[in-house]
Amino acid sequence: MHIKSNNKTASHWPTTALQILESAANIIAEKLIHQDVYTNPQTTKDFLTYKLGGYEREVFGVMMLNNQHQLIEFRELFFGTIDSASVYPREVVKAVLEVNAAAVIFSHNHPSGESEPSEADKRITQKLKDALGLIDVRVLDHIIVGKSPVSFAERGLL
């Protein structure tokens, strides 16, 4: 399992707090290696909150999973501004194929704390789902991290 973080300088957390959150996310990830992450949405939300909650700009990440929905790798792919991030389906497909993932869980943060999915969030999720469907990769969820994380799957938006 690999957890890649490309840019920790975008955070509003002090370095020691970031280190603590990173350690917490790694502990949760280690626990998820041997279980089905999709059947435990709260643990997944906790993991993603620890990974993305400290950023002061939008960051889009992908949990790439094997056939048993165990974490292969979490990767932060796109970094945006305080209220948006450009997401490129081609780059998502490349990352998924690189680790031979069978399923994915998308995530991004809303630095404002408002977790409600926007129309743009819904559109990009559908676009990514369509692109990954062409290569038989299942999209299990898209979680938005804010004050309280929101799951597209739990809301019936997938």
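Since the model is a prediction, treat every value here as computed from it, not as a measurement.

**Student:** If you had to explain the nonpolar core to someone new, which residues and values would you point to?
**Tutor:** Membership of the largest hydrophobic core comes to 20 residues, with the highest contact counts inside it found for Phe60, Met64, Val92, Val96, Val104, Phe106 and Leu132. Counting residues per element, the ones that place at least two in this core are strand 2 (59–65), strand 3 (71–79), helix 3 (89–98), strand 4 (103–109) and helix 4 (119–133). In this view, Val96 contacts Met64, Ala101, Val104, Leu132 and Val137; residues no more than four positions away in its chain are not counted. Judged by nonpolar contacts, the second largest core, of 15 residues, contains Ala25, Phe47, Leu52 and Val145.

**Student:** Talk me through unusual backbone geometry; I want residue IDs and the actual numbers.
**Tutor:** The backbone phi angle of His69 is positive, close to 65°, even though this residue is not glycine. Mapping His69 onto the fold places it in the loop between strand 2 and strand 3.

**Student:** Outline the packing of aromatic side chains, supporting the account with residue identities and numerical values.
**Tutor:** The tally for this structure, following the rule as stated, stands at five aromatic pairs. Ring plane angle 85° and centroid distance 5.5 Å describe the contact between Phe47 and Phe74, whose orientation is recorded as edge-to-face. One end of the pair, Phe47, is in helix 2 (residues 41–52); the other, Phe74, is in strand 3, with 27 residues separating them in the sequence. Its relative accessible area of 0% is what places Phe47 among the buried residues. You can call Phe74 buried: its relative accessible area is 0%. Arranged with centres 5.7 Å apart and planes meeting at 35°, the rings of Phe60 and Phe106 form a pair that is tilted. In this pair, Phe60 is assigned in strand 2 and Phe106 in strand 4, connecting sequence segments 46 residues apart. Assessed through its relative accessible area of 0%, Phe106 is described here as buried. Members of the aromatic cluster, connected to one another through ring pairs, are Phe60, Phe78, Tyr88 and Phe106.

**Student:** An account of the pattern of salt bridges is needed here, citing residue identities and associated values.
**Tutor:** This structure, assessed with the given rule, holds six salt bridges. Linking Arg155 and Glu116 is a salt bridge whose minimum nitrogen-to-oxygen distance equals 2.8 Å. With Arg155 in helix 5 (residues 152–155) and Glu116 in the loop between strand 4 and helix 4, this residue pair connects regions lying 39 residues apart in the sequence. Taking relative accessible area as the criterion, Arg155 reaches 43% and is therefore assigned partly exposed. Residue Glu116 is classed as partly exposed on the basis of its relative accessible area of 39%. Members of the salt-bridge network, linked through shared partners, are Glu73, Arg75 and Glu98.

**Student:** Explain the side chain of Thr125 to me, using residue names and the numbers behind them.
**Tutor:** Along the polypeptide, Thr125 turns up in helix 4. Reaching out from Thr125, the side chain makes a polar contact with the side chain of His142 at a distance of 2.6 Å. Those residues in contact with Thr125 that lie beyond four places of it in its chain are His142, Phe152 and Leu158.

Parameters and conventions
Residues numbered from 1 in each chain as written. Predicted model: local features only at pLDDT ≥ 70, side-chain atom pairs only at ≥ 80, totals over all residues. Heavy atoms only, no water. Core = buried A, V, L, I, M, F, W, Y, C linked by side-chain atoms within 4.5 Å. Buried < 20%, exposed > 50% of the residue type's maximum accessible area, 1.4 Å probe, protein only. Helix = DSSP H or I, 4+ residues; strand = E, 2+ residues; numbered from the N terminus. Contact = heavy atoms within 4.5 Å. Phe/Tyr/Trp six-rings, centres within 6.5 Å; stacked < 30°, edge-to-face > 60°. Salt bridge = Lys/Arg side-chain N within 4 Å of Asp/Glu carboxyl O. Polar contact = N/O pair within 3.5 Å; in protein donor to acceptor, adjacent residues only side chain to side chain.

Everything listed is a geometric property; what it means functionally is a separate question.
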